[in-house]
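# A structural walkthrough
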Amino acid sequence: MTEQLPARWRQAPRYGSGYYFFATAITVVGVMAFLHVLPRLLQAGSHGFFSALFLATIPLGLTILFVVWVDRFEPEPLQLYIVAFVWGAGVAVALALAANNWFEAEVAPSVLGMSASQNEIARMTASVGAPLIEEFLKGLGIVAIFFLFRRHFNGPVDGIVYGALIGAGFAFTENVLYFARYADTIGEVFHLRFLDGPFSHDAYTALFGFFLGFAIYTRRAAVFAWMIPAWLGAAFFHFINNDGIYWMSYRTYQFVSNVPVAILVIAMVIYARRDERQTVIAGLTPYVNTGWISAAEANMVLSMRERQNAMNWAERVTRSHGAPAGSGRRAMNSLQMELIYLAHDRARYERIGQVGTPDYYAAANQRLSYIEHVRKGIAHT
């Protein structure tokens with residue numbers, strides 16, 4: 001809904017000043033970090049850079065389509081899509097380049113001993129240092145979103161979405177770097193980077209986000225406990241991918257780089273979307289039982305088809321009352337999102353044992369008041 005709507009249809013305030021401040025700050029820092037890396041990306045000249053840029057957008061575009069599909073039940077704000085992407089493409093890459101260089105120059109030689117060959121140091125850096133460093137730095141972006149944009153982090157689905165975007169951003173910059181560095185053999189490098197493991201970074205960080213998504217059902221400090229399996233799980237798959245090239249046959253490596261990761265992503269998405277649906281059902285049931293929400297409204301938000309039907313109905317009603325085109329659809333969409341947020345709030349408060357507290361009642365009353373506000377706005381335009 002926009003300012004075109006009648007005053008009684010005010011849009012529910014979704015974003016506070018803190019939201020815009022942190023979203024802008026992270027975006028600016030991410031862009032600056034990307035510019036810091038840019039000279040490395042331009043080493044093949046402008047032609048090589050733009051060729052690398054074009055090729056790197058292919059897997060990125062596929063990931064964005066995947067994210068939009070996974071996130072369609074309760075879409076996250078576009079600004080947070082951008083925040084996640086620039087964290088991966090800028091902040092995580094810039095920090096990882098410095099940290100990986102430090103690991104290769106200082107840590108690996110001290111662990112392996114002065115007699116270690118350069119190949120042994122390079123292998124340890126790629127197989128141990130890079131997975132631990134890169135998955136931690138990418139995962140920090142999900143943790144930042146968890147704490148700074150708490151209202152827009154509602155479970156494992158959101159964790160997968162933010163993680164996939166951060167991973168896609170990281171892979172995008174890394175792909176441009178590799179394509180530009182090896183511009184003379186860019187076809188072979190594209191085959192290795194894309195066809196042999198196109199969505200590795202996306203999947204690893206999505207796994208991190210999937211684990212972190214369960215932290216919303218605990219007290220905030222517990223997020224650091226969830227970070228342990230999230231980080232180690234992502235680093236493990238990254239380790240297998242990086243180290244496997246040293247001891248697997250090429251065909252085996254192709255299989256291991258793609259099939260287990262694909263199975264992992266499919267399983268995560270199926271579980272997370274089922275969990276999201278069950279959470280909404282459980283969260284709305286108490287309100288249906290007490291009459292605050294009708295059973296029809298609760299069933300409506302569970303079906304994308306029913307949501308569309310409800311928006312079409314609201315549009316017909318509001319247009320018949322002289323409201324501007326699109327007003328009814330926007331109003332109904334806002335109501336549907338508030339019902340989903342209400343359900344997530346209830347489920348979260350219930351799982352941490354705080355149903356009945358002043359904070360719970362304040363949040364519930366605010367959402368229920370707005371839901372009633374939109375109902376009246378549609379009916380009495």
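Residues numbered from 1 in each chain as written. Predicted model: local features only at pLDDT ≥ 70, side-chain atom pairs only at ≥ 80, totals over all residues. Heavy atoms only, no water.

Labelled according to an unreviewed UniProt entry, the protein appears under the name PrsW family intramembrane metalloprotease, originating from Trueperella pecoris.

Here the focus is the domain arrangement of the protein. It is common to report an interface's size as the accessible area lost on association of the parts. Examined at the domain level, the protein breaks down into domain 1 (17-247) and domain 2 (281-380). Placing a centre on the C-alpha atoms of domain 1 and another on those of domain 2 gives a separation of 36 Å. With eleven residues of domain 1 at the contact, the number on the domain 2 side is 14 residues. Both sides together, the interface formed by domain 1 and domain 2 hides about 1200 Å², and carbon and sulfur atoms give 53% of it. When the buried area of domain 1 at its contact with domain 2 is split by residue, Phe73, Arg151 and Tyr217 rank highest and sum to 47% of it. Between the two partners, domain 1 and domain 2, sit one salt bridge. Glu338 is the partner of Arg151 in a salt bridge, and the nearest nitrogen-oxygen pair spans 3.9 Å. Applying the counting criterion to the domain 1 and domain 2 interface returns two residue pairs in polar contact (both at pLDDT 80 or more). Of the residues in the side of domain 1 that touches domain 2, the class split is four nonpolar, two polar and five charged. (Domains from an automatic or database assignment. Contact = heavy atoms within 4.5 Å. Buried area = accessible area lost by both parts, 1.4 Å probe. Salt bridge = Lys/Arg side-chain N within 4 Å of Asp/Glu carboxyl O. Polar contact = N/O pair within 3.5 Å; in protein donor to acceptor, adjacent residues only side chain to side chain. Nonpolar A, V, L, I, M, F, W, Y, C, P; charged D, E, K, R; others polar.)

Another point: the packing of aromatic side chains. Two aromatic rings are characterised by how far apart their centres lie and by the angle between their planes. All told, the structure shown has 20 aromatic pairs when counted by the stated rule. Ring centres of Phe179 and Phe190 lie 6.0 Å apart, and the angle between their planes is 50°; on these two criteria the pair is classed as tilted. One end of the pair, Phe179, is in helix 5 (residues 156-181); the other, Phe190, is in helix 6 (residues 186-195), and eleven residues separate them in sequence. Like Phe179, the residue Phe190 is buried in the burial classification. Residues Phe210 and Tyr271 carry aromatic rings whose centres are separated by 6.1 Å and whose planes lie at 75° to one another, so their mutual orientation is edge-to-face. Taken together, the positions of Phe210 in helix 7 (residues 200-213) and Tyr271 in helix 9 (residues 250-289) put the pair 61 residues apart, joining distant regions of the chain. Within the aromatic cluster, the residues linked to one another by ring pairs are Phe146, Phe147, Phe153, Tyr162 and Phe224. Sitting above the plane of the Phe170 ring, Lys138 keeps its charged end 5.4 Å from the centroid. (Phe/Tyr/Trp six-rings, centres within 6.5 Å; stacked < 30°, edge-to-face > 60°. Helix = DSSP H or I, 4+ residues; strand = E, 2+ residues; numbered from the N terminus. Buried < 20%, exposed > 50% of the residue type's maximum accessible area, 1.4 Å probe, protein only. Lys NZ or Arg CZ within 6 Å of the ring centre and 35° of its normal.)

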